[in-house]
Amino acid sequence: MPWNLYGTAQVVITVTMISLIIFGNGMLCVIILKVRRLRNPSGYLLVNLAVGEILVGVLLLPFSIPAVLHGKWTMGTNTCQFNGFLQHALSAVSVLTVLSVSIDRYFAIVTPLTYRARVTTQKTLIAVCFTWFYALFSACFPFMKWSTYHFVSGLWLCENNYRYSLSFTYFKFLVLYVIPFLVIVYIYACIFKISWHHSRQIRNEIEAFHKREEYIQKENTSTVSSQPIAADGEYCLRKPHSSVKAEIKTALSLGCVVGLVFLAWGPYLFVNLWGYHTEKEVPVTMLSLTSNLYYLSSVLNPYLYGYLNRNVKREFKKMVIRTKKTLVQLGSRAIHPSGAVHPL
């Protein structure tokens, strides 16, 4: 493949994604491990997700750059097998950890009173260990002659040969894509339903209180001062607006989660299935586009699952402020290194 505009764009996109993956996920790990109150089951799941994404940026995506430059795999068969192994394992870790984060949020919102008993640090660490065990074990299946690893132009990495074994192809798609996606959609649909029901209940209670307030004002116009009631009324009139805003924010957040999962996984899944059943070669540009969308989730996951958390966002802002202050101090010292007094 000659060096052209497509090759340049693909290399720029890959380098940009690698940089953002390492920065975003690295900062998330530092914040969670540094702040004591964030070191909880939810935080450990986010760290596990971030570590998996960092490995994608460090050990996986850099191999695609020389492949793009030469238009083929140039690093030998054994390296290709190892690259395919990492691609399968890290994809499994990412998908299963996103599923674990969704289940954790489901228990936190749906059963808040029993959440601490259900979700403990020990259970979370066991889940993390199981995720890595399954990911590494299932990545060994091609070495047992159930599928193989081969280089894929457009993905520019080594991947499972989906035409080699029909059973493995559907096993991987069902276990690592279809079932987790359906479970995640179901979980967030339940969370949104509960949030909507809670918001509606609050509005009904506020409307009932407002009607009772109007009735009291009519019955006691001559004896009851209206000033305190008006103050309460002003407070209550702000509550429906706040509840509606919270409902909209919840809907947008949940929609972003499900939308990102579908956008990242869906096209790559359907393109590979289409190529398998039609027995046609998938166009390189189509594979490149869908694979970029797939790895885009590694860039967005820390922001979507981590920085939307209020505590994480607060600590991130504090870290940015401290960094700015440090840079300003270093700059002032560079201008006046000795702090000497200027002569008159």
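Quick summary incoming for the structure in this document. (Residues numbered from 1 in each chain as written. Predicted model: local features only at pLDDT ≥ 70, side-chain atom pairs only at ≥ 80, totals over all residues. Heavy atoms only, no water.)

Focus on the layout of surface pockets
Here the idea is plain: a probe the size of a water molecule rolls over the atoms and shows the empty space left. Quick note on the threshold: Points on a 1 Å grid, built from protein atoms alone, make a cavity when a 1.4 Å probe fits but cannot get out and make a pocket when they are open with protein on both sides within 12 Å along at least 5 of 7 lines; residues with an atom within 4 Å of a point are the lining residues. Grid points are joined across faces, edges and corners, and a volume is the space filled by probe spheres set on the points. Strands here are runs of E lasting at least two residues and helices are runs of H or I lasting at least four, both read from the DSSP assignment and numbered beginning at the N terminus.
Looking at the second largest pocket, its volume works out to about 330 Å³. Along its surface, the second largest pocket is lined by 19 residues, and His150, Val152, Arg163, Glu281 and Leu287 are the ones closest to its centre. Put simply, the parts of the chain that give the lining of the second largest pocket at least two residues each are β1 (149-152), β2 (157-160), α8 (226-278) and α9 (284-307). The greatest single-element share of the lining of the second largest pocket, amounting to 4 residues, is contributed by α8.

Overview of the packing of helix α2 (residues 41-60) against helix α4 (residues 77-110)
Threshold: To obtain each axis, a line is fitted to C-alpha atoms, and for helices this fit is confined to the stretch in contact; angles are then taken between N-to-C directions over 0 to 180 degrees. In these notes the angle categories are as follows: under 35 degrees is roughly parallel, over 145 is roughly antiparallel, 65 to 115 is roughly perpendicular, and the rest is oblique. Less than a right angle of anticlockwise turn of the near helix away from the far helix marks a crossing as left-handed, whereas a clockwise turn marks it as right-handed. Pairs of residues are marked as contacts when any of their non-hydrogen atoms sit within 4.5 Å. Under the grouping applied here, Gly and all other residues not named as nonpolar or charged are polar, the nonpolar ones being Ala, Val, Leu, Ile, Met, Phe, Trp, Tyr, Cys and Pro and the charged ones Asp, Glu, Lys and Arg.
The interhelical angle for the contact between α2 and α4, taken along N-to-C directions, is 160 degrees, at an axis separation of 9 Å. What the angle tells us is that α2 and α4 run roughly antiparallel. Note that α2 runs across α4; the crossing there is left-handed. In this structure, α2 contributes Ser42, Leu45, Leu46, Asn48, Leu49, Gly52, Glu53, Leu55, Val56, Leu59 and Leu60 to the contact, and α4 contributes Asn83, Leu86, Gln87, Leu90, Val93, Ser94, Thr97, Val98, Ser100, Val101 and Asp104. Looking at the contact of α2 with α4 residue by residue, the class counts come to 12 nonpolar, 8 polar and 2 charged.

With respect to the packing of aromatic side chains
Which entries qualify depends on this criterion: Centre distance within 6.5 Å is the pairing criterion for rings of Phe, Tyr and Trp, where only the six-membered ring of Trp is used; planes under 30 degrees apart are then read as stacked, over 60 as edge-to-face, and the remainder as tilted.
Inspection of every chain in the model, using the stated rule, returns 19 aromatic pairs. Site record: aromatic cluster; members linked through ring pairs are Phe133, Phe137, Phe141, Trp146, Phe168 and Phe171.

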